[in-house]
Amino acid sequence: MSDPVIAQKSPYMTELEVGKDYFWCSCGKSAKQPLCDGSHKGSDFAPVKFQVETAKAYALCGCKMNDGKAFCNGAHKQL
Ligand code: FES
């Protein structure tokens, strides 16, 4: 599997709504960071679907180095 593109070396604070399907960009090529715009097509990557249970701003991963998870886990601090 190829390495993802580092969209940015910090999370994207993103307001999310309850009950809505979101698709986090795992390839790093989306122009709509941190969410998917279809740019992964033809690559090894696929977007990660998720929902939230509370409406608020979440720190979504921008570095794409967090083992394919949508939420920032601090992995960007190692870059
Ligand atoms: S931005 Fe990727 S782990 Fe924080």
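Further up the page is the structure itself.
Residues numbered from 1 in each chain as written. Predicted model: local features only at pLDDT ≥ 70, side-chain atom pairs only at ≥ 80, totals over all residues. Heavy atoms only, no water.

Q: How should the overall build of the protein chain be read in this particular structure?
A: Helices and strands together make up the secondary structure of the protein chain, namely zero helices and four strands. Overall, the protein chain shows an N-to-C arrangement of helices and strands of β-β-β-β. Taken against the 2.2 N^0.38 rule, which gives 12 Å for 79 residues, the C-alpha radius of gyration of the protein chain at 12 Å falls within 12% of a compact globule. Expressed along its principal axes, the backbone C-alpha trace of the protein chain runs to roughly 35 × 30 × 20 Å. Counting across all 79 residues of the protein chain, residues that qualify as buried make up 37%. Here the analysis covers contacts within the protein chain between residues at least 6 apart in sequence; of these, 60% occur between residues at least 24 apart. (Helix = DSSP H or I, 4+ residues; strand = E, 2+ residues; numbered from the N terminus. Rg over C-alpha atoms; globule rule 2.2 N^0.38 Å. Buried < 20%, exposed > 50% of the residue type's maximum accessible area, 1.4 Å probe, protein only. Contact = heavy atoms within 4.5 Å.)

Q: What should I look at first to understand the side chain of His40 in this one?
A: Within the element layout of this structure, His40 appears in the loop between strand S2 (22–24) and strand S3 (48–50). His40 sits in the buried class, given a relative accessible area of 15%.

Q: Got a minute to help me understand the state of the cysteines in this structure?
A: Cysteine pairs can be linked by a disulfide, which is a covalent bond between their two sulfur atoms. Here the structure, examined in full by the defined rule, presents zero disulfides. Not part of a disulfide, Cys27 finds its nearest cysteine sulfur in Cys25, a span of 3.9 Å. Judged by its relative accessible area of 4%, Cys27 is buried. (Disulfide = S-S within 2.5 Å.)

Q: Help me out: how do you make sense of the nonpolar core in this one?
A: Side chains of nonpolar character tend, in soluble globular proteins, to be buried together. Leu16, Tyr22, Trp24, Phe50, Val52, Tyr58, Leu60, Cys61, Cys63 and Ala70 together form the largest nonpolar core, which totals ten residues. Where this core is concerned, the elements lending two or more residues are S2 and strand S4 (56–60). In this view, Leu60 contacts Pro11, Tyr12, Thr14, Leu16, Trp24, Pro34, Leu35, Phe50, Ala70, Phe71 and Cys72; residues no more than four positions away in its chain are not counted. (Core = buried A, V, L, I, M, F, W, Y, C linked by side-chain atoms within 4.5 Å.)

Q: Help me out: how do you make sense of the packing of aromatic side chains in this one?
A: One pair of aromatic rings is described through two measures. These are the centre distance and the angle between the planes. For the structure shown, the criterion picks out three aromatic pairs. Through a chain of ring-to-ring contacts, the aromatic side chains of Tyr22, Phe50, Tyr58 and Phe71 assemble into a single cluster. Lys56 extends its terminal NZ or CZ atom over the ring of Tyr58, reaching a point 5.0 Å from the ring centre. (Phe/Tyr/Trp six-rings, centres within 6.5 Å; stacked < 30°, edge-to-face > 60°. Lys NZ or Arg CZ within 6 Å of the ring centre and 35° of its normal.)

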